[in-house]
Every structure is written in C-alpha cells, then in structure tokens.
Amino acid sequence: MAKSKSAKPTANAQKFTRAEKSWIMYDWANSVYATNILAVIFPIYFASVCQANGADNLVLWSYGTSAATFIVALLAPVLGALADHEGHKKRLFSAFLVLGVAFTLFSAFFDQYQLLLAGYVISHIGFSGSCLFYDSFLTDVTTPQRMDRVSSWGYAMGYIGGSTIPFLVSIIILFVMGMTNVAAFKIVIVLTSLWWAVFSIPFLRNVRQVHFIQPQKNLLRSTFSNLLATAKEIFSHKKIFLFILAYFFYIDGVNTIISVSTSYGSKLGLDNISMILALLMTQIVAVPFSILFGRLAGKLGTLNVLCGAVAVYTFITLVGFYMGFHIENHPGDPQALQLSLVLFWCMAFLVGTVQGGIQAISRSHFGKLIPAQRSNEYFGFFDIFGKFAAVIGPLLVALFTQLTGRDSIGVISLAILFVVGLLILLASRKYGDKAQ
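Residues numbered from 1 in each chain as written. Predicted model: local features only at pLDDT ≥ 70, side-chain atom pairs only at ≥ 80, totals over all residues. Heavy atoms only, no water.

A.B. asks: Quick question: what am I supposed to make of the overall build of the protein here?
C.D. replies: From N to C terminus, the protein includes 17 helices and two strands. Residue burial in the protein is summarised as follows: out of 436 residues, 59% are buried. Of the contacts formed within the protein by residues at least 6 apart in sequence, a portion of 86% connects residues at least 24 apart. Surface accessibility of the protein: about 16800 Å² in total, with carbon and sulfur atoms responsible for 69%. (Helix = DSSP H or I, 4+ residues; strand = E, 2+ residues; numbered from the N terminus. Buried < 20%, exposed > 50% of the residue type's maximum accessible area, 1.4 Å probe, protein only. Contact = heavy atoms within 4.5 Å. Areas by Shrake-Rupley, 256 points an atom, 1.4 Å probe, with all protein chains shown as cover.)

A.B. asks: Help me out: how do you make sense of the packing of aromatic side chains in this one?
C.D. replies: Two aromatic rings are characterised by how far apart their centres lie and by the angle between their planes. Inspection of every chain in the model, using the stated rule, returns 30 aromatic pairs. Plain terms: the ring middles of Phe127 and Trp196 are 6.0 Å apart, the flat faces sit at 70 degrees to each other, and that makes the pair edge-to-face. On the criterion of sequence distance, the pair formed by Phe127 in helix α5 (residues 113–136) and Trp196 in helix α8 (residues 182–198) is long-range, its members being 69 residues apart. Of the residues examined, Trp196 reaches a relative accessible area of 0% and is grouped as buried. Each residue in the set Trp23, Tyr26, Phe93, Tyr134, Phe137 and Phe203 is aromatic and connected to the rest through ring pairs, giving one cluster. Residue placement shows Lys89 over the ring face of Phe137; its charged tip is 4.7 Å from the ring centre. The cationic tip of Arg149 hangs over the ring face of Phe16; the distance from NZ or CZ to the ring centre is 4.4 Å. (Phe/Tyr/Trp six-rings, centres within 6.5 Å; stacked < 30°, edge-to-face > 60°. Lys NZ or Arg CZ within 6 Å of the ring centre and 35° of its normal.)

A.B. asks: Help me understand the environment of Phe185 in this model?
C.D. replies: Secondary-structure assignment places Phe185 in helix α8. By relative accessible area, which is 5% here, Phe185 ends up buried. It is 6.8 Å that separates the C-alpha atoms of Phe185 and Tyr45, two residues lying 140 residues apart in sequence. With residues near it in sequence (within four places) discarded, Phe185 still touches Ile41, Ile44, Tyr45, Leu174 and Met179.

A.B. asks: Where do I start with the pattern of salt bridges in this structure?
C.D. replies: Any two side chains of opposite charge can pair, given that their charged atoms come close. Under the criterion given, the structure shown has seven salt bridges. The salt bridge involving Glu328 is made with Arg406; its shortest N-O contact spans 3.0 Å. In this pair, Glu328 sits in helix α13 (residues 302–329) while Arg406 sits in the loop between α15 (375–404) and α16 (407–412), placing the two residues 78 residues apart along the sequence. Of the residues examined, Arg406 reaches a relative accessible area of 25% and is grouped as partly exposed. A cluster of three or more residues bridged by salt bridges with shared partners is formed by Asp27, Asp135 and Arg363. (Salt bridge = Lys/Arg side-chain N within 4 Å of Asp/Glu carboxyl O.)

A.B. asks: What am I meant to see in the environment of Leu174 here?
C.D. replies: Topologically, Leu174 is positioned in helix α7 (residues 147–177). Leu174 sits 99 residues away from Ile273 along the chain, and the two C-alpha atoms are 9.3 Å apart. Excluding residues within four positions of it along the chain, Leu174 makes contact with Ile41, Met179, Ala184, Phe185, Val188 and Ile276.

A.B. asks: Looking at this model, I keep getting lost on a positive patch on the surface. Mind explaining?
C.D. replies: Positive charge collects at one region of the surface, where Lys15, Arg18, Lys21 and Arg205 lie side by side. As for its position among the elements, Arg205 is in helix α9 (residues 201–206). Given the relative accessible area of 61%, Arg205 is considered exposed. (Patch = residues over 30% accessible without salt bridge, like charges linked within 9 Å, V, L, I, M, F, W, Y side chains within 5 Å. Lys, Arg positive; Asp, Glu negative; His and termini not counted. Charge placed at Lys NZ, Arg CZ, Asp CG, Glu CD.)

A.B. asks: Looking at this structure, how should I read the layout of surface pockets?
C.D. replies: To find the voids left in a structure, one rolls a probe of water-molecule size over its atoms. Of the voids in this model, the second largest pocket is the one considered here, and its volume is about 200 Å³. In this structure, the second largest pocket is lined by 14 residues; those nearest its centre are Ile44, Ala47, Ser48, Met179 and Asn272. Where the lining of the second largest pocket is concerned, the elements lending two or more residues are α2 (41–52) and α8. At six residues, the largest contribution of residues to the lining of the second largest pocket is made by α2. (1 Å grid on protein atoms, 1.4 Å probe; cavity = no way out; pocket = protein on both sides within 12 Å on 5 of 7 lines; lining within 4 Å. Points joined across faces, edges and corners; volume = space filled by probe spheres on them.)

Honestly, that's just the spatial picture; any functional story needs more than this.
This is the structure:
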C-alpha cells in the first residue's frame, strides 16, 4: 500500500523549506565530483599519467565511463523498486554516497593509471547511484508546482558552491604548486572528497522519505512485482514513454560532452591552463542560466525549453568537430591551435548556457509526470535510460576515434544522439506539456 506522511509546502510559498534547502545542498555537495573528477582536474591528471606510460587516455577514459554507467544502469531499476519501500531509500542513498567518497579519496594514494582508472570507475558508480536516489527525493521534499523551481535552484547552487568555489581553490593549488606537480593533483582529489562528504550532512539530517510503499513479507518478490508493474505503466503511458525515450538519447550526449571534453582537448594539444579557465567560465555562466531555465519552463512550456536546449547542444557538437578537424588537418600549426582554443572557449560558454538547465528541467518534468509514492521506481527507469545511453556515447567516441584515427569524427558522432532526441521531443509535444 502506498502512503505519505507529511505535508508539503504550498505552491505560492516563496521561501524554501528546510527539506528543500537540504535537498538543494546535495547538489552543492556532489557537483565538486562532477567538475573536478568527471570533467576537468582528474581527467587532465589521468591523461598525463597515461601519456607518461604510453597509454591512450581518451580511449581508456571512455571505456571506463561506459563500464561505470553500464553497471549503474543494470542496478538502477531493481534498486529503485527496493528504495520505494519504507525506510530503504535513505539507506541506499547513504551507501552509494560512502562508496563514491571513499573511492575518490582512494585515487589520491596511487600513481598507476590502472589503479586510477579503477578508482574512477568505482567512485563514478557511487556518485551516479547517490544521484539516482537524490533525484527521486525531489517528490518527497516539494510539490509538483514547485519542482521546476527547486530542481533549477539545485543545479544553480551546485554550480555556485559545488563547482565554482572548490574549482577555484583547485585552480589556485595547481597554479601555486605547478600544473605538472603530482602532489597538487592529489591535494585536489582529497579536497574533492572532503567537500562532497561535509556538505552532504544537511541532506542526511533533514531529508526524509515521505512517500513510500509499505514493506511486504516477501520484500524481494514485492520489489520485482512493483518493478514489472512500473515497466508496463511506462511503456503504456505514451507521454512518459516518449519523454524518457528522448531523454535516453539527448542526455547521453550531454553526459558524454561533460566527461570527454578535457580529454579531447588534451589529445588535440590544447593548453591545460586555458582549458581549465574556459571550463570555469562554464560553471559561472551556468548559474544564472540554470535559474533562467526554471522561469522559462513556466512561461514557454517545459518541452519547448528542452527542444531549444537540445538544438544548442547539436550546434556545440558541430563546433567541437570543426575545432578538432582543423587541428588534425594542420598539425603543429600555432594558428590552428589558437583558433581551436578560441573555439573551445566558445563551446565552454555555450555549454554553460544549457548544461544545468537541460538536466534540471528534465528531472522536474519527469517528477511531475509520475506518482510520488513510487518515485524511486520511476526514477530507476529514468536513470537506466540515461545510464544505458551514457554507455553508448563514450563508446561511440571511442569506436569512431579508433576506426577513423580522428578524434573529431568521434565527437561529431554525438550529433546523432541529439538529433534523434530532438525529433522524439518534437513528436511528444502533441500529448501536451502538463502531467496528467
């Protein structure tokens, strides 16, 4: 039986509740991992270690990312169905949080690229798993009318605190100690682990599972029974199915761009300092645009805003292709490198305008479509679509790069994902923009 056990804030209330603030704070906490480990600092460190040992960092990084996301994708639906039973969601969230923090810290104590890759894969599993349960808690902390606002502020605060502040500190550490100083990178990894752990405390203290399903005598049978029922409902509900199918394609491109951007730039020979500063700009630009997306969704409609964001991402892949293709055709040419660096900055700015918004609005739109008491089951499928897609994106980059010998071809392959996602979003508009 489905139950709820607390009141929610009214739609017109302007101030965030303690639960909403604490939920938002976890974006502040975990975004440091997304920036320092997934996107910028650790990939540069990993690339330097690989290159010193004659290994291909882009291929290894892409395969490692695929492995981590594949494992989480397999686990997500079952864990989601289990978490919807009373008392399980918080425990599972905590377990993946500890796994992610511990293996991020693990990476600070080893220099072999094989162990660094293993630590990255396991910490990525912890990060992704905690985010699955975190997303599903959105239905526990707020109302459908407030979801766009709360979700958007989560991403905005993540960019302000989780990304920008510790990212700036990390840059200062690297500048002072030297961009080739291994100890500097290790300090940044430790800082990342501590930031993530400390700022997760408000969530652990103040966020509770409000909507749940009463535990059955046979928990395993109940879990798989609910999982099967949810799968049938998703596939029979055209609005939910088309949205989650579109999400499958476009979010893969988004996540792949985040995970391979610095590896791609390093492979092309772009300056590390310039890339780091460009990606810092991404975080700063993302703050106001994440909040703006929440407002635009209310005025223009969620699906219209998402279509616009996917179109921008398609253009970003074209810019990324031209940037790499130009360097590949003019190897060693200083002017080609300079032009490509300018294009990298342009890409960083464009990504900043849509990265937080597309994720926030996707999360809140899905949250409004699903039953609150079974949010974790539904978000489990939401996550499996996203994670299985995230296996495809890095795999496309790795395979097309290996087959053609051109990194630029690997990057342009991501345009396929955005175009298909956009077409499905456009097709889903006939079913309306509101939850039923």
